[in-house]
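Descriptive structure summary
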Amino acid sequence: MFKSILVVCTGNICRSPTGERLLRQHMPGIIVDSAGICGLVGRPADARAQEIAALHGVSLEGHQARKLNVQMMREYDLILAMEPGHLNHISTIAPEIRGKALLFGQWMQMREIPDPYCKSHEAYEYVFGLLGRASQKWALKLRQ
């Protein structure tokens, strides 16, 4: 049984905080946090990501970006990354962790979740939709 999940993206200001909050909604009782490969330490969630999430009833309030490190990865039962490149980074800095790191879009034909940062409103909406569907699929799989 998974008791903790770490969601990983690049800067930890768009995708991973959104994925974190969505997973928390779908899986109460499981610890879900996030971090970034190049974490923009201390920054809040991106303003547009906050706006889109709020439109869908999800709050990113209080989020502070963190930079991913080996010790952090060891603390979680499952690590969900947005892109294959993130998985490669995890494998490079901590090969022993790779076995518990999968794509957030694992149950959507191994789908990569693209980075909407500095893109259009529609791009953020699209990514929010992907994260929403993927988080629902994770919740279903982990309950089985």
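Our structure's up above, just so we're on the same page.
Residues numbered from 1 in each chain as written. Predicted model: local features only at pLDDT ≥ 70, side-chain atom pairs only at ≥ 80, totals over all residues. Heavy atoms only, no water.

On to the nonpolar core, then. Note that soluble globular proteins tend to have their nonpolar side chains buried in a common cluster. If you look at the biggest cluster of nonpolar residues, it comprises 32 residues, and the most contacted ones within it are I5, L23 and F104. No other element matches the nine residues that helix α5 (residues 121-143) contributes to this core. When residues no more than four places from it in sequence are discounted, the contact partners of F104 are V7, G19, L23, L80, A81, M82, I113, L131, A134, S135 and W138. Counting residues in each nonpolar core, the second largest holds 16 residues, with A35, L68, M73 and A101 among its members. (Core = buried A, V, L, I, M, F, W, Y, C linked by side-chain atoms within 4.5 Å. Buried < 20%, exposed > 50% of the residue type's maximum accessible area, 1.4 Å probe, protein only. Helix = DSSP H or I, 4+ residues; strand = E, 2+ residues; numbered from the N terminus. Contact = heavy atoms within 4.5 Å.)

Let's shift gears to helix α1 (residues 15-26). Given a rise of 1.5 Å per residue, 12 residues ought to cover 16 Å, and the 16 Å separating the end C-alpha atoms of α1 matches this to within 8%. Where burial is concerned, most of α1 is hidden: nine out of the 12 residues are buried. Taken together, the buried positions of α1 are occupied by R15, S16, P17, T18, G19, E20, R21, L22 and L23. Where α1 is buried, its residues touch β1 (4-9), β2 (31-36), α2 (47-55), β3 (78-81), α4 (84-93) and α5. (Expected span 1.5 Å × (residues − 1).)

Relative orientation of the contacting elements α2 and α5 amounts to 55°, with a least axis distance of 10 Å. If you check the angle between α2 and α5, you find them oblique. Note that α2 runs across α5; the crossing there is right-handed. From α2, R48, A49, E51, I52, A53 and L55 reach across to α5, where they touch H121, Y124, E125 and F128. Residue composition of the contact of α2 with α5, by class: six nonpolar, one polar and three charged. (Axes fitted to C-alpha atoms, helices over the stretch in contact; angles between N-to-C directions. Parallel < 35°, antiparallel > 145°, perpendicular 65-115°, else oblique. Left-handed = near helix turned anticlockwise from the far one by under 90°. Nonpolar A, V, L, I, M, F, W, Y, C, P; charged D, E, K, R; others polar.)

Below, the discussion takes up unusual backbone geometry. Despite not being glycine, M110 has its phi angle at roughly 55°, a positive value. In this structure, M110 sits in the loop between β4 (101-103) and α5. Look at C118: it is not a glycine, yet its phi comes out positive at around 65°. Secondary-structure assignment places C118 in the loop between β4 and α5.

Applying the stated criterion across every chain yields a total of six salt bridges. Measuring nitrogen to oxygen at the nearest pair gives 3.7 Å for the salt bridge that ties E20 to R21. Classification of E20 by relative accessible area gives buried; the value is 5%. Of the charged contacts, one joins R24 and E20 as a salt bridge, the two residues approaching to 2.7 Å between their closest N and O atoms. (Salt bridge = Lys/Arg side-chain N within 4 Å of Asp/Glu carboxyl O.)

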